[in-house]
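One-letter residues, chain by chain:
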Amino acid sequence: MSSSLHSLPYGETLDAFHRGAFYLVQPSMKGHRSGIDAMILASALPAGFKGEVADLGAGAGAAGLAVASRCVATQVTLIERSPEMLLYADKSCALPENAHMHGRLTCLQADVTMSGPARHKAGLSDNSFDYVIMNPPFNQSHDRATPDTLKAQAHVMHEGMFESWIRTASGILRPRGQIAIIARPANLSEMLTALQRRFGSIAITPIHARPEEPAIRVVITGIKGSRAPVFLAPAIILHKSSGHEFTPRAENLINGCDSL
């Protein structure tokens, strides 16, 4: 939902999320625009969660800000490699409408795919977070190309990307720290392969647009170092068989009133 609370530069919008609980500055004409995926990802954390949270590949910061807004005892670090997208996150963090989160948000420019000393030098220290969330690029490089470079960076994955993102998540998480990922079902096998060497108690939550249709997204959560098996969680249905109205469950998740 767009808002005109501020006079923004051409090409930017100010969008309300969680029914106005927080606002996001994001590009209107290029780059990735956040929406339902980010809100569902943020709902993986229970409202009472406490601790340090990292949003890997944060973009303009929608998912991380949604976590900070819902979970008032968290410190959230928005980690993004694109200086341009991180600028939008910086603007969002400074908004007066987000004053209830001031002091609990940090923006960090870093490439999630870095490892070892390079990752540490960028500010991503080992064993420093309690929860990592991520909405990694999930389009194959041979999928329909976009001329928008910023959007391509946010949407197109390269060989070994899931492995490198999950390696970073595992490295920066404390023992028994947790992870949440939203992605396409087509990427499930590759993600599980990378996760199962580092995480256990892996829950897979299918997200369906309608009851009779295949899942369009999956949310995967896990615990670092756990040996508990993988399990399938109850599915989330976004809409009824007809119409575009959200189901009550989906409405609550999208608006920050419930958790997965």
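For the structure given in this document, a descriptive report is provided here. (Residues numbered from 1 in each chain as written. Predicted model: local features only at pLDDT ≥ 70, side-chain atom pairs only at ≥ 80, totals over all residues. Heavy atoms only, no water.)

## Points about the pairing of strand β5 (residues 73-80)
When a strand is regular, its side chains alternate between the sheet's two faces. For clarity, the cut-off: Per-residue accessibility, obtained with a 1.4 Å probe over protein chains only, is compared with the maximum for each type, and a residue is labelled buried under 20%, exposed over 50%, and partly exposed between these values. Secondary structure elements follow DSSP: runs of H or I of four or more residues count as helices, runs of E of two or more count as strands, with numbering from the N terminus. For two strands to pair, DSSP has to find at least two bridges joining them. If the strands point away from the viewer and the path from the first strand over the helix to the second runs clockwise, then the crossover is right-handed.
Counting buried positions over the eight residues of β5 gives six, a clear majority of the element. Sheet topology places strand β4 (residues 50-56) next to β5; seven bridges connect them, and they run parallel. Bridge assignment links Asp55 to a residue of β5, and that residue is Leu78. In this structure, β5 lies alongside strand β6 (residues 105-109), joined through five bridges in parallel fashion. In the sheet register, Leu78 faces β6, and the bridge partner there is Cys107. Between the parallel elements β5 and β6, the chain passes through helix α3 (residues 83-94) in a crossover that is right-handed.

## With respect to the environment of Ser43
Short version of the rule: In this description, contact between two residues means that some pair of their heavy atoms is separated by no more than 4.5 Å.
Here Ser43 shows up in the loop between α1 (36-42) and β4. With 24 residues separating them along the chain, Ser43 and Val67 place their C-alpha atoms 7.5 Å apart. Setting aside residues no more than four positions away along its own chain, Ser43 makes contact with Arg70, Leu253, Asp258, Ser259 and Leu260.

## Brief notes about helix α6 (residues 161-172)
Short version of the rule: Each residue after the first adds 1.5 Å to the expected span of a helix.
With twelve residues, α6 should cover 16 Å at 1.5 Å per step; its first-to-last C-alpha distance of 17 Å lies within 8% of that length. Regarding α6, the residues found buried are Met161, Phe162, Ser164, Trp165, Ile166, Thr168, Ala169, Ser170, Gly171 and Ile172.

## A few points about the layout of surface pockets
In this approach, a probe sized like a water molecule rolls over the atoms, and the result shows the empty space that is left. This is how the line gets drawn: Lining residues are defined by having an atom within 4 Å of a point belonging to a cavity or pocket. Those points lie on a 1 Å grid over the protein atoms alone, cavities being sets where a 1.4 Å probe fits but cannot get out and pockets being open sets with protein on both sides within 12 Å along at least five of seven lines. Grid points are joined across faces, edges and corners, and a volume is the space filled by probe spheres set on the points.
If you add up the space inside the second largest pocket, you get close to 210 Å³. Lining the second largest pocket are 15 residues, with Ala44, Tyr131, Gln178, Thr221 and Leu260 sitting closest to its centre. Elements supplying a minimum of two residues to the lining of the second largest pocket: β9 (199-208) and β10 (215-224). Among the elements that make up the lining of the second largest pocket, the one with the highest residue count is β10 (four residues).

## Focus on the packing of aromatic side chains
Put simply, the test is: Any pair of Phe, Tyr and Trp rings, taking the six-membered ring for Trp, is counted once the centres come within 6.5 Å. Such a pair is stacked with planes under 30 degrees apart, edge-to-face with planes over 60 apart, and tilted for the rest.
The final tally for this structure, using the stated rule, is two aromatic pairs. Seen from their ring centres, Phe17 and Phe22 are 5.6 Å apart, and the 15° between their planes marks the pair as stacked. Across the pair, exposure class does not vary: Phe17 and Phe22 are buried alike. Seen from their ring centres, Phe49 and Tyr131 are 5.3 Å apart, and the 90° between their planes marks the pair as edge-to-face. Of this pair, Phe49 sits in the loop between α1 and β4 while Tyr131 sits in strand β7 (residues 129-134), and the two are 82 residues apart along the sequence. Both residues of the pair, Phe49 and Tyr131, count as buried.

## Focus on unusual backbone geometry
A positive phi angle is found at His18, which is not glycine, with a value near 50°. Position of His18 relative to the elements: it lies in the loop between β2 (12-17) and β3 (22-27). Unlike most non-glycine residues, Ser201 shows phi in positive territory, near 50°. Mapped onto the fold, Ser201 is located in strand β9. By relative accessible area, which is 21% here, Ser201 ends up partly exposed.

What is shown is where atoms sit, not what they do.
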